[in-house]
Amino acid sequence: MKYTITLGALAALSLAGIAPSAAAQGKPAAEKHHMKPMHAMPAMKAAPDPTTADFEKFREVLEDDNPAELFEQKGKELWTMKRGPKNASLEQCDLGLGPGVVKGAYVKMPRYFADVDQVMDAERRIVYCMETLQGFKAADLAKKPFSSDSSTPDPVSLTTYVAGQSRGMKLAIPQKNPKEREAFEVGREIFHYRAGPYDFSCATCHGEDGKRIRTQVLPNLSSKSGAMAATQGWPGYRMTGGLMHTIQWRMNDCFRQQRFPEPGYVSQTITDLLTYMAVNANGQVYKGPGIKR
Amino acid sequence: MADPMKIRAQMKGDAAEIRVLMSHPMETGQRKDGAGKVIPAHFIQSVTVTVNGKTVVDGQIGTSVSRNPVFGFRVKGAKAGDKVVVSWVDNTGDKRSDETAIN
């Protein structure tokens, strides 16, 4: 938690200090650079390596019978059930489209919420609603926030349900509010921020096309197709272990793999990163909770 | 009581395609938890499918089947509107039965 603040502050500092020149030189150059591989992508896509091709076939077969649906169902029950110290349901939770509106909300988050004067991503907002409406304690929810063999945390099922209600809709992450734009900019800074014992940044693995870990192709999150590939499929049912995970877990685990200190659960750092990624994927169709190897 | 199944049953040509997604841990009894203790076996042992009361699948399954398993069957002679009932019983005696109509 402490580190998260430091990271945020650093990112903000470099935003204030370096960003103007970086924007003047780095950004257009970077975009130009990314354009080329993107144009070359169709050829690459036509012939993915055999492992990826095999897995994609497998995934297509399973997509209609995705166990994620079991968690959507569970999440729906949790959404409408009166629970917590205040014995209330989440049906008055405002996900940005008005209290109780779930349909289409997921593809418009992270977004600015006036009631908290903050940008929040889906899971963060759900946790906020569980706190304010139902009286759960955020600290308790943060104790075991990720799925394990023995349990699937409620926010995971709830996020899966909310995500499922945006199936087939286009991603439209708003960037009108200054705080939303700030989240994007800080997210980009964190994405490129190199640190830790391995001197890693997110961009080390996810900053250009064609990179991989073992047989796993890594999407280039700074490109439109890559950002969509990464946004798509979360929340996702992982066949390894048969666990349901949200993108909060993915972010957390990426930090772990970089040997960074763990970011706080549903922290601003994660919201900023998700804003950066999701805005890059804007305009593309979200297919709903996915299935992962 | 176990969580409900998801059943899809659809006519495809002259046969009904039935697909079932079950919610079950399917624990093999071979794994150990963080403290080194064996996690007890907990898995579905028998699966039955009936169409309009007639048994079309009566199967035994075991620990080689994954957690939250998906099964698919093609049933000839079924028609739209027929009632499909899928049931399972696991090794602890827990059971679950869900139904749908073929469309």
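Each remark here, short or long, concerns the structure printed above.
In this text, all values refer to a predicted model and were calculated from it rather than measured experimentally. (Residues numbered from 1 in each chain as written. Chains lettered and ligands numbered in written order. Predicted model: local features only at pLDDT ≥ 70, side-chain atom pairs only at ≥ 80, totals over all residues.)

Whenever I open this one, the overall build of chain B confuses me. Can you help?
Helix and strand content of chain B: 0 helices and 7 strands. Secondary structure of chain B in N-to-C order comes out as β-β-β-β-β-β-β. Principal axes of the C-alpha set define a box for chain B whose edges measure 50 × 20 × 20 Å. Looking at the 103 residues of chain B, the share that counts as buried comes to 24%. (Helix = DSSP H or I, 4+ residues; strand = E, 2+ residues; numbered from the N terminus. Buried ≥ 20, exposed ≤ 12 C-beta atoms within 10 Å, placed from the backbone.)

How do you make sense of the environment of A:G233 when you look at a structure like this?
Residue and element names in this part refer to chain A. The topology assignment puts G233 in strand β6 (residues 233–238). Judged by local crowding, G233 falls into the buried class, with 21 C-beta atoms found within 10 Å. For the pair G233 and K287, spaced 54 residues apart in sequence, the C-alpha separation works out to 7.3 Å. Ignoring any residue separated from it by four or fewer positions in sequence, one finds G233 in contact with G290 and K292. (Contact = placed C-beta atoms within 7 Å.)

What's the story with the pairing of strand β7 (residues 95–101) of chain B in this structure? I'm lost.
On a regular strand, each side chain points to the face opposite its neighbour's, so the side chains alternate between the two faces of the sheet. Residues and elements named next belong to chain B. As judged from the 7 bridges shared by strand β6 (residues 83–90) and β7, these two strands associate in the antiparallel manner. The residue bridging S87 from the neighbouring strand is S97, located in β7. Counted along the chain from β6 to the antiparallel partner β7, the turn is 4 residues long, and its residue G93 has a positive phi close to 90°. (Pairing = 2+ DSSP bridges.)

Is there a simple way to think about the sheet that holds strand β7 (residues 243–245) of chain A in this case?
In a beta sheet, neighbouring strands pair by backbone hydrogen bonds and run either parallel or antiparallel. All names here are of chain A. Spatial strand order, β7-β6-β9: 3 strands in an open sheet with mixed pairing. Strand pairing shows two members of the sheet lacking a second neighbour, β7 and β9 (289–292), which therefore form its edges. Pairwise comparison of adjacent strand axes, ignoring direction, gives a mean angle of 30° for this sheet. By the bridge criterion, 3 bridges tie β6 to β7 in an arrangement that is antiparallel. (Axes fitted to C-alpha atoms, helices over the stretch in contact; angles between N-to-C directions.)

I would appreciate a short explanation of the nonpolar core in the present structure.
Where a protein is soluble and globular, its nonpolar side chains tend to be buried together. Residue and element names in this part refer to chain A. Judged by nonpolar contacts, the single largest core of 49 residues is most densely connected at Y106, I126, V162, L273, M277 and A278. Of all elements in the fold, only β2 (118–120), α5 (122–132), α7 (154–164), α8 (178–192), α10 (224–231), α11 (247–257) and α12 (268–280) reach the threshold of two or more residues within this core. Examining the composition of this core, we find that 7 residues originate from one element, α12, more than from any other. When near neighbours in sequence (up to four residues on either side) are disregarded, A278 contacts P110, L171, I173 and T231. (Core = buried A, V, L, I, M, F, W, Y, C linked by C-beta atoms within 7 Å.)

What is the right way to look at α8(A) in this model?
For an α-helix, 3.6 residues make a turn, and residues three or four places apart therefore share a direction. If you check α8(A), its first and last C-alpha atoms are 21 Å apart, about what 15 residues at 1.5 Å a residue would give, namely 21 Å. Within α8(A) the residues assigned to the buried category are A:A183, A:F184, A:V186, A:G187, A:R188, A:E189, A:I190 and A:F191. (Expected span 1.5 Å × (residues − 1).)

Can you help me understand the sheet that holds β6(B) in this one?
Residue and element names in this part refer to chain B. Pairing is antiparallel across the open sheet formed by 4 strands, whose spatial order is β4-β3-β6-β7. Edge positions in the open sheet fall to β4 (54–60) and β7, since each of these has one partner strand only. The average undirected angle you get between the axes of adjacent strands in this sheet is 15°.

I keep staring at unusual backbone geometry and nothing clicks. Help me out?
Backbone phi values are negative for most residues with the exception of glycine, while trans is the configuration of most peptide bonds. Residues A:M109 and A:P110 are joined by a peptide bond in cis, for which omega reads 5°. With respect to the element layout, A:P110 can be found in the loop between α4 (68–80) and β1 (111–113). Located in the positive-phi region is A:D199, a residue other than glycine, with phi close to 50°. Inspection of the secondary structure puts A:D199 in the loop between α8 and α9 (202–206). Of the residues examined, A:D199 has 10 C-beta atoms within 10 Å and is grouped as exposed. Phi is positive for B:M26, close to 50°, though the residue is something other than glycine.

Where do I start with α12(A) in this structure?
Taking 1.5 Å per residue as the helical rise, α12(A) with its 13 residues ought to reach 18 Å, and the 18 Å between its terminal C-alpha atoms agrees with that figure. The buried count for α12(A) comes to 13 of 13 residues, which makes it a mostly enclosed element.

Help me understand the interface of chain B and chain A in this model?
Accessible area lost on assembly of the parts is the figure often given for the size of an interface. Contact residues are listed per partner, giving 9 residues for chain B and 6 residues for chain A. Tallied by class, residues from the side of chain B that touches chain A come to 2 nonpolar, 3 polar and 4 charged. (Nonpolar A, V, L, I, M, F, W, Y, C, P; charged D, E, K, R; others polar.)

How should I be thinking about the pairing of β4(B) in this particular structure?
All names here are of chain B. Among the 7 residues of β4, 0 are classified as buried, and the element is accordingly described as predominantly exposed. Here strand β3 (residues 44–51) runs beside β4; their pairing, made up of 6 bridges, is antiparallel. Paired with S46 across the bridge in β4 is Q60. Linking β3 back to β4 in an antiparallel pair, the connection comprises 2 residues, with N52 at a positive phi of about 50°.

What is the right way to read the packing of α8(A) against α12(A) from this model?
For any two helices packed against each other, one specifies the crossing angle of their axes together with the interaxial distance. Residues and elements named next belong to chain A. As a packed pair, α8 and α12 sit with axes 7 Å apart at the nearest point and diverge in direction by 95°. The angle between the axes of α8 and α12 places the two elements in the roughly perpendicular class. On α12, the residues that touch E180, A183, F184, V186, G187, R188, I190 and F191 of α8 are T269, T271, D272, L273, T275, Y276 and V279. (Parallel < 35°, antiparallel > 145°, perpendicular 65-115°, else oblique.)

Looking at this structure, how should I read the packing of α4(A) against α7(A)?
All names here are of chain A. α7 packs onto α4 with a crossing angle of 100° between their chain directions and a minimal axis gap of 7 Å. One element, α4, and the other, α7, form an angle in the roughly perpendicular class. Seen from α4, the contacting residues are A68, F71, E72, K74, G75, K76, L78 and W79; seen from α7, they are D154, S157, L158, T160, Y161 and G164. Split by residue class, the contact of α4 with α7 holds 6 nonpolar, 4 polar and 4 charged.

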